[in-house]
Amino acid sequence: MKGGSMPAWSPSRALPNSMRTRRHIGGPCRSKNSVVVCQAASRQSNKTAIVVGAGIIGLTTTLRLLEHGYDVTCVAENVDGDPNKGVASGGAGGLWFPYLCESTERTGRWANETSREYEDILAKGLGFEEHGVALKKVWQNYSPGNEIPPWAPDFPSFELLTLAQVEERYGPEGPEYDIDAKDFLAYQFEAPIVQVDIFLGYLRDRIAALGGRLRRQRVDGPIEELEGDLLVNCAGLGNATRYEGLEQDGKMKPVRGQIIHCKNQAHITEAVTIGAGDEGAYMIPRGDVIVYGGTSDENEFDTGVSQDVVEDIIRRCKKLLPKKYTDRMEVVGHWVGLRPFREGEVRVEGRRLDDGRVVVNNYGHGGSGFTLCYGCADEVVRLASNLK
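Please read all numbers here as calculations on a predicted model, not as lab measurements.

Enumeration according to the criterion identifies 18 aromatic pairs in this entry. Note on Phe-199 and Phe-370: the rings are 6.5 Å apart at their centroids and 55 degrees apart in plane angle, and the pair reads as tilted. With a gap of 171 residues between them, Phe-199 in helix H5 (residues 196–209) and Phe-370 in helix H7 (residues 369–386) connect regions that are remote in the sequence. For the residue pair Phe-199 and Phe-370, the accessibility class agrees, reading buried in each case.

Below, the structure is given as structure tokens:
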């Protein structure tokens, strides 16, 4: 694959239990080359946990387990979250919005729990430069229309928009695409938008402050070979059959996403998503850049930037978004990532091993990692407690 490729997960074939050797991961960090964050202080706990994966899902899960008294080590081949080395979290748009995951009660609950956590972070009074979280206005229009999302009733700021209100946002010239007055759905709300590099750094700092460890290590499954009372699989596409992953999950597949980074403009302070027939476009003022997108290509593994796709994104954005948001686009960068999508549903479930240890899977969040992360981390804690 071109560009920043995904890790080539190649675990050993499953062996009988009698032939497996557990690998111990833990203790203080030593090697400058293999360790990014070391434990800040010894954490007194009889419960040890290993979290595999250091994207947004792995980091929030690690943090929640630390907060509940576990002695936690988080391991990953790309533990520093370099967006050019296959970690989708490191280059994500950062908008809180359920995308590429099932629309169910539980994902709605996880999404709302995560939104409340972002609000709690903002309430602590830290500056944006410390956590990278901001609450901004979002509006979206789909024609043909979708169903009202399940999370909407718990969002006080959620408000349906009329056709006239949508057209007004385009100014006197109106939109360049057709909106079926009898078949559209438009709404606005306030949502967290995360500058992902700052926020991932914030999580790493919180983990270190609570005595957690982040360790650079490739894990060649199965996860049961690791040593810990609780083993949590947050490896995303590291579970895909193509990579002979931890779970050999045939439902896991990449959904390639390509986006454009443009220079910030002072008047662009809200996020917009438009779906018009078979075409779509979105814009997210992330903080460091304005993100314009995008693509959703299933089972595409190429992480190289396609100039044809760049031109198509710009064409769609200029056609579907209000002109005031596209007439001075100054491209400053590009990014391509592979979303860890799972057919059917996000996999958050646990099992108790014969030796009493607990394994919990927490992966397959598609394009909703920053939207579901804290809710799913809390679910991991609940599962671990119930399976003890």
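Further remarks concern the environment of Thr-269. Here Thr-269 lies in the loop between strand E9 (252–262) and strand E10 (271–276). Using a relative accessible area of 48% as the deciding quantity, one classes Thr-269 as partly exposed. Separated by 21 residues in the primary sequence, Thr-269 and Ile-290 place their C-alpha atoms 9.5 Å from one another. Non-local contacts of Thr-269, meaning those with residues more than four positions away in its chain, are made with Lys-136, Lys-137 and Pro-285.

Right, let's get into the pattern of salt bridges. For the structure on display, the rule yields 29 salt bridges. In this structure, Arg-218 engages Glu-77 in a salt bridge whose closest nitrogen and oxygen atoms are separated by 3.5 Å. Highlighted residues: Arg-218 in the loop between strand E7 (213–216) and strand E8 (230–233) and Glu-77 in the loop between strand E3 (71–76) and helix H2 (105–123), separated in sequence by 141 residues. For Glu-77, a relative accessible area of 31% puts it in the partly exposed group. For Arg-106, the salt bridge identified is with Glu-102, shortest N-O distance 2.9 Å.

Attention now goes to the packing of H2 against H7. As a packed pair, H2 and H7 sit with axes 6 Å apart at the nearest point and diverge in direction by 105 degrees. On the basis of the axis angle, H2 is roughly perpendicular to H7. Residue-level contacts link Thr-107, Arg-109, Trp-110, Ala-111, Glu-113, Thr-114, Glu-117, Tyr-118 and Ile-121 of H2 to Phe-370, Thr-371, Leu-372, Cys-373, Tyr-374, Gly-375, Cys-376, Asp-378, Glu-379 and Arg-382 of H7.

Here we take up H5. Look at H5: 20 Å from first C-alpha to last across 14 residues, which is about the 20 Å you get at 1.5 Å a residue. Summarising burial for H5: 10 of the 14 residues are buried, a large majority.

Going through the model one piece at a time under the given rule, you end up with one cavity of 30 Å³ or more. Looking at the largest cavity, the residues that line it are Tyr-170, Glu-173, Gly-174, Pro-175, Glu-176, Lys-318, Lys-319, Leu-321, Pro-322 and Lys-323.

Here the focus is the pairing of strand E15 (residues 347–352). Two elements, E15 and strand E16 (residues 358–363), share six bridges in a ladder whose sense is antiparallel. Its bridge partner lying in E16, Arg-352 is registered against Val-358. Between the antiparallel neighbours E15 and E16 lie five residues, among them Gly-356 with a positive phi of about 95 degrees.

With that settled, consider the environment of Gly-108. The residue Gly-108 is located in helix H2 in this model. In this structure Gly-108 comes out as buried when scored by relative accessible area, which is 7%.

Moving on: the packing of helix H1 (residues 56–67) against H7. Where H1 contacts H7, the two axes come as close as 8 Å, and the packing angle between them is 35 degrees. When you trace H1 past H7, the crossing you get is right-handed. Across the interface between the two elements, Ile-56, Ile-57, Thr-60, Thr-61, Leu-63, Arg-64 and Leu-65 from H1 touch Gly-369, Phe-370, Cys-373, Tyr-374, Ala-377, Asp-378, Val-380 and Val-381 from H7. Taken together, the residues of the contact of H1 with H7 sort by class into 10 nonpolar, three polar and two charged.

Parameters and conventions
- Along each chain, residue indices are assigned from 1 in the same order as the chain's sequence is written.
- The predicted origin of the model limits local features to residues at a pLDDT of at least 70 and limits the giving and counting of side-chain atom pairs to 80 or more, whereas totals for whole chains, interfaces and linings rest on all residues.
- Only hydrogens and water are set aside; all other atoms, that is, all heavy atoms of the structure, feed into the side-chain values.
- Note on ring pairs: Phe, Tyr and Trp rings are taken, using the six-membered ring of Trp, and paired if centres are within 6.5 Å. Classes follow the plane angle, with under 30 degrees stacked, over 60 edge-to-face and the rest tilted.
- The numbering of helices and of strands both runs from the N terminus, where a helix is a DSSP run of H or I of at least 4 residues and a strand a run of E of at least 2.
- For every residue, the accessible area obtained with a 1.4 Å probe (protein chains only) is divided by the maximum for its type, and the residue is called buried under 20%, exposed over 50%, and partly exposed between those limits.
- By the convention used here, residues are in contact when the closest approach between their heavy atoms is within 4.5 Å.
- A carboxyl oxygen of Asp or Glu within 4 Å of a side-chain nitrogen of Lys or Arg is what we treat as a salt bridge.
- An axis is simply a line fitted to the C-alpha atoms; with a helix, the fit covers only the stretch in contact. Between two such axes, the angle follows the N-to-C directions and lies from 0 to 180 degrees.
- These descriptions rest on fixed angle ranges, namely under 35 degrees for roughly parallel, over 145 for roughly antiparallel, 65 to 115 for roughly perpendicular, and the rest for oblique.
- Under the convention used throughout, the expected extent of a helix is 1.5 Å for every residue step, that is, one less than its residue count.
- Put plainly, a pocket is an open set of points on a 1 Å grid over the protein atoms alone with protein on both sides within 12 Å along at least five of seven lines, a cavity is a set where a 1.4 Å probe fits but cannot get out, and a lining residue has an atom within 4 Å of a point.
- Grid points are joined across faces, edges and corners, and a volume is the space filled by probe spheres set on the points.
- Note on pairing: DSSP must find at least two bridges between two strands before they are called paired.
- Less than a right angle of anticlockwise turn of the near helix away from the far helix marks a crossing as left-handed, whereas a clockwise turn marks it as right-handed.
- The residue classification treats Ala, Val, Leu, Ile, Met, Phe, Trp, Tyr, Cys and Pro as nonpolar and Asp, Glu, Lys and Arg as charged. All others, Gly included, are polar.

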